[in-house]
Each structure stands twice: as C-alpha cells, then as structure tokens.
Amino acid sequence: MHSVRKITEDLYWVGANDRRLALFENIHPIPRGVSYNSYLLLDKKTVLFDAVDWAVCRQFLENIEFLLNGRELDYIVVNHMEPDHGASLEEILLRYPNAKIISSEKAFLFMRQFGFSIDGRIEQVKEGDTFSFGKHEVTFIAAPMVHWPEVLVTFDKTNGVLFSADAFGSFGALDGKLFDDEVNFDRDWIDDARRYYTNIVGKYGPQVQALLKKAAGIPIKIICPLHGPVWRTNLGYFLDKYDKWSRYEPEEKGVLIVYASMYGNTESAANALAAALVEKGVKNVSVYDVSNTHVSYLISETFRYSHVVLASVTYNLGIYPPMHNYLMDMKALNLQNRTFAIVENGSWACKSGTLMRDFLENQMKKMTVLDEKVTLNSSLKEENLPDVEALADSLIESMKEKK
Ligand SMILES: Cc1cc2nc3c(=O)[nH]c(=O)nc-3n(C[C@H](O)[C@H](O)[C@H](O)COP(=O)(O)O)c2cc1C
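Residues numbered from 1 in each chain as written. Predicted model: local features only at pLDDT ≥ 70, side-chain atom pairs only at ≥ 80, totals over all residues.

(A) Examining the UniProt feature "domain: Flavodoxin-like" (unreviewed entry) in the protein more closely. With numbering matched to this structure, UniProt assigns "domain: Flavodoxin-like" (unreviewed entry) to residues 255-396. Within the segment residues 255-396, helix and strand shares are 43% and 30% respectively, and the terminal C-alpha atoms sit 9 Å apart. (UniProt positions renumbered as here; feature names shortened; annotations may be inferred. Helix = DSSP H or I, 4+ residues; strand = E, 2+ residues; numbered from the N terminus.)

As structure tokens, this is what we get:
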C-alpha cells in the first residue's frame, strides 16, 4: 500500500523508512531507523528525484505507481549514486523503460561501474545547466565530496525547492511527520542529525562550506534532503548548524569527558573531574566510557563541545585501543579547533598522556592541549585531588578565554 506526502501542489515525497537496519553503512548504529527520501514531480513531464535503498524498494515502487496513476515516468534526476539511493534505480529503469536519467558525468560512470544498463537513456548535465519539465525549470549545482565526488544538488527555480542530496540529512525514521515544523527538531532530531553529519560528511567541511556559499546566492524556500525531515520553515536553524559543523566550530561551550578504564580507577578520576567542574559552576558536562559508547556518538559529541578531556590508562606501553580508535576517527574526520585536557594512568610505565598529547599536537590540526594534567599511579588518591581541581580550573579559564 502506498504512503506518500504532498510537499507542494505538484511535488510529493515518495520515500520509505527502514526501522530494521542495525548499522547504517554497516558501521553506524541507527536505533531510530533511517528514512530514504525520494521525490516525485508531476509536471507536464513526470520527474523522480533520486531513488532509495533496496531494503525499502517495494514501498517506493508502490508510492510511485500510485501517484503516476497510469502516466509514464519521463525523467529521473540522480543527484547522488551511493547505493542507499542508487540501488533501486536499477528496478526503476526496468519498470519505466522510457524514463531518461539526468545526472553528472561521474554519476553515469558510477552507474556503469555498479552494472546498470543506461545506454541511450542519459542526459548529462553539469553545474549551471538548466532543464525544463513544463512549468518547472531546474538548475544544477555541483557539490563534489558532499560526500561523494559525483554529487549534484538540483534547484527548482519555479518553487524554490532545493534537492540537496545527502546535505541536510539525518538518521532517524519519519513517523509520518515529514516537515521540520511537524517535529520538535531541537529536542528529538538534532542529536541524530549531528551524528549523521559529523560521521558521514564531517571530513568534508571545506566542500560543505563551498556548497553553503553557492546556496546563499539562490532563493531557497524548501530543502528536500535524502534522509530525515524536509525543511520548509526554520531553514536558518539548520543552515547555521551546518555552517558551524563545517567550519569545525564547537556548537556549545562545555566539557566532554571520555575515559578509558579497565578496572574503574581512571573512571573514578573522570567522575571526580566532572563533579569538580559542576561544583565550580560548569553545568554543560558529559561523561562517556570509550569502551561502552559507539565511536559515532563520541565523534558527534566531540563536534558539539568546545573542550574535551581524554582520560586513559596505559595499555602495553600504548594508548588503550578503543581510545586510540576514537582519536584515529577524529583525525580521519578532520576534526580541528578544540581544546583538550589529559588524565593518564599507568602502574609501571605511564605513557598514555604523552602519546595522546603527541597525537593531538602532531597528527591533527589546530588542537590545543592544556599544560595541566592529572597523572595517576594506578588509582586516584587524596594526593591527586589538587591536580584534579587545578585541571578543572584550567578548563574553566580556557572556556572564558574562548569567544
Ligand atoms: C593488559 C594491560 C596492560 C597494561 N599496560 C601498562 C603499561 O604498559 N604501562 C603501565 O604503566 N600500566 C599498564 N597497565 C596498567 C593500567 O594502565 C592501569 O594502571 C590499571 O589498569 C588501573 O587503571 P583502571 O582501573 O582505570 O583500569 C596495563 C594493564 C593491563 C590490564
């Protein structure tokens, strides 16, 4: 049975939700599921904007069939060829043999690489080209590496709709509510949106900045992304988040404490530091166990906070492996411009602090590491408490200095 939503008088959401998938891209947990958005325009010509993942193809086909109501599908605009959108394109091409594909040169290359039969059906476009479907005229904007190289976004000049590909997307299935003004985004969606952006697109801040600059020059009224809610009311809120994230600016002043502990002693120090910060008036503090928290959540929180405390045991003369993995992920995603503090622990040759500092200062960009640190010999003792207090004071001082 079909399940569609109307966006404008002749544009419809024809996507579908997956609440069964455990890991997006087989990496990131999605306990709230994910939506695969696709859009159908019923103009003089009928136009499908992107497709969906194989997992939800049946729902998608029923949605399209219902709205076409016997009409031909004339065009498919493919903004992004990643298989979570491109996979079911193969089925669409079979079911609608007269449909032509409008896309970029590189996307056509990818379609061939994925084994699609597209000969004689392609309309190649590039940035600045326009295409008319009747009442609606669209133009294409290149968005390379947001987050694949072939990405286009499509702007409908007639109604101000931007089909933004993966930009402005979010994890989370849609509970019937499609539009940003139908949900409480800041309460129910922002964490998943941040986790989606930071882990999926986070590495490509400069490319997102380039897209935002291009977007600033066009009169966008509605943003239709490939995952999550459609933006038609409070666009500025989300554009502002994207601007911050892609400039690697923290969203909030506060302290994220991530600890690595096998037997609880380093964990005690993390808790003591958190309590000291709160007692000194810093309420925006979060504490996570690196072994117990999927790294996608840690990355998301690290993009959010201005200050990060890494508290780690020494493990075989190295950094505890899950902590090291977290640092490697931060580096891979190009995170920069944060202030760190270090708590280290060792029972015979304490190395974790020096190694973490070296990683932050020499393998990453624009990271500040505070001079104060806490060194534990196996456990937190009375004699360490002044160091914990001093570290809390140093974090607070640094937060005051940052604008
Ligand atoms: C497998 C293993 C390897 C360790 N390697 C080191 C080491 O190389 N140097 C060191 O000083 N302590 C080492 N330790 C001790 C821990 O760093 C730490 O002092 C101890 O686990 C207490 O902290 P925790 O209660 O937070 O786990 C090791 C512990 C384990 C279990």
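Additional details are given in the paragraphs that follow.
(B) Region of interest: the sheet that holds strand 13 (residues 137-142). Strand order across the open sheet formed by five strands is 12-13-14-15-16, with mixed pairing between neighbours. Two strands close off the open sheet at either side, each with one partner strand: strand 12 (130-132) and strand 16 (222-224). Neighbouring strand axes in the sheet, compared pairwise and without regard to direction, differ in orientation by 25 degrees on average. Where strand 14 (residues 152-156) lies against strand 15 (residues 161-163), three bridges are found, and the strand directions are antiparallel. Bridge pairing in strand 15 places T154 opposite F163. (Pairing = 2+ DSSP bridges. Axes fitted to C-alpha atoms, helices over the stretch in contact; angles between N-to-C directions.)

(C) Seen up close, the site of the ligand. Taken together, the neighbourhood of the ligand is formed by 18 residues, with S261, Y263, N265, T266 and G346 sitting nearest. For the shell around the ligand, the elements supplying multiple residues, two or more each, are helix 8 (265-279), strand 19 (305-315) and strand 21 (339-346). No other element matches the three residues that strand 19 contributes to the shell around the ligand. (Near = placed C-beta within 6 Å.)

(D) Expanded view of the packing of helix 9 (residues 295-304) against helix 10 (residues 321-332). Two elements in contact, helix 9 and helix 10, have axes separated by 10 Å at closest approach and are oriented at 55 degrees. Our classification of the angle between helix 9 and helix 10 gives oblique. Helix 10 is crossed by helix 9, and the crossing has right-handed handedness. The residues of helix 10 that touch helix 9, namely those facing V295, L298, I299 and T302, are N325, Y326, D329 and M330. Split by residue class, the contact of helix 9 with helix 10 holds five nonpolar, two polar and one charged. (Parallel < 35°, antiparallel > 145°, perpendicular 65-115°, else oblique. Left-handed = near helix turned anticlockwise from the far one by under 90°. Contact = placed C-beta atoms within 7 Å. Nonpolar A, V, L, I, M, F, W, Y, C, P; charged D, E, K, R; others polar.)

(E) Fine view of the nonpolar core. Within the largest apolar cluster, 121 residues are counted, with the highest numbers of intra-cluster contacts made by I257 and L273. No other element matches helix 5 (residues 185-201), which puts seven residues into this core. For this core, the two domains that each supply at least three residues are domain 1 (5-246) and domain 2 (252-401). Apart from the residues lying within four places of it in its own chain, the contact partners of I257 are A270, L273, A274, V285, V287, V309 and A311. (Core = buried A, V, L, I, M, F, W, Y, C linked by C-beta atoms within 7 Å. Buried ≥ 20, exposed ≤ 12 C-beta atoms within 10 Å, placed from the backbone. Domains from an automatic or database assignment.)

(F) Examining the environment of M262 more closely. Its location among the elements puts M262 in the loop between strand 17 (252-260) and helix 8. Assessed through the 12 C-beta atoms surrounding it within 10 Å, M262 is described here as exposed. For the pair M262 and S312, spaced 50 residues apart in sequence, the C-alpha to C-alpha distance is 9.6 Å.

(G) View of the domain arrangement of the protein. Segmentation of the protein into domains returns domain 1 (5-246) and domain 2 (252-401). Each of domain 1 and domain 2 was reduced to a C-alpha centroid, and the two centroids are 38 Å apart. Every contact between the two is made by eleven residues of domain 1 and, on the other side, ten residues of domain 2. If you list the elements that add at least two residues to the side of domain 1 that touches domain 2, you get strand 5 (28-29) and helix 5. For the side of domain 1 that touches domain 2, the leading source of residues is helix 5, giving five residues. Residue composition of the side of domain 1 that touches domain 2, by class: two nonpolar, five polar and four charged.

(H) Broad picture of unusual backbone geometry. Looking along the chain, the bond that leaves V146 and enters H147 is cis, with omega of 5 degrees. Relative to the elements of secondary structure, H147 occurs in the loop between strand 13 and strand 14. For N316, which is not glycine, the phi torsion reads 50 degrees and is therefore positive. Tracing the chain through its elements places N316 in the loop between strand 19 and strand 20 (318-319).

(I) How the structure looks around helix 11 (residues 352-363). Counted at 1.5 Å a residue, the expected span for helix 11 with its twelve residues is 16 Å, and the 15 Å between its end C-alpha atoms agrees. The complete set of buried residues in helix 11 reads S352, G353, M356, F359 and L360. Taken down its axis, helix 11 places every buried residue within 130 degrees of arc, on the same side. Pointing more than 90 degrees away from the buried face of helix 11 are the exposed residues E361 and N362. Against the buried residues of helix 11 lie strand 19, strand 20, helix 10, strand 21 and strand 22 (368-377). (Expected span 1.5 Å × (residues − 1). Arc of directions from axis to C-beta.)

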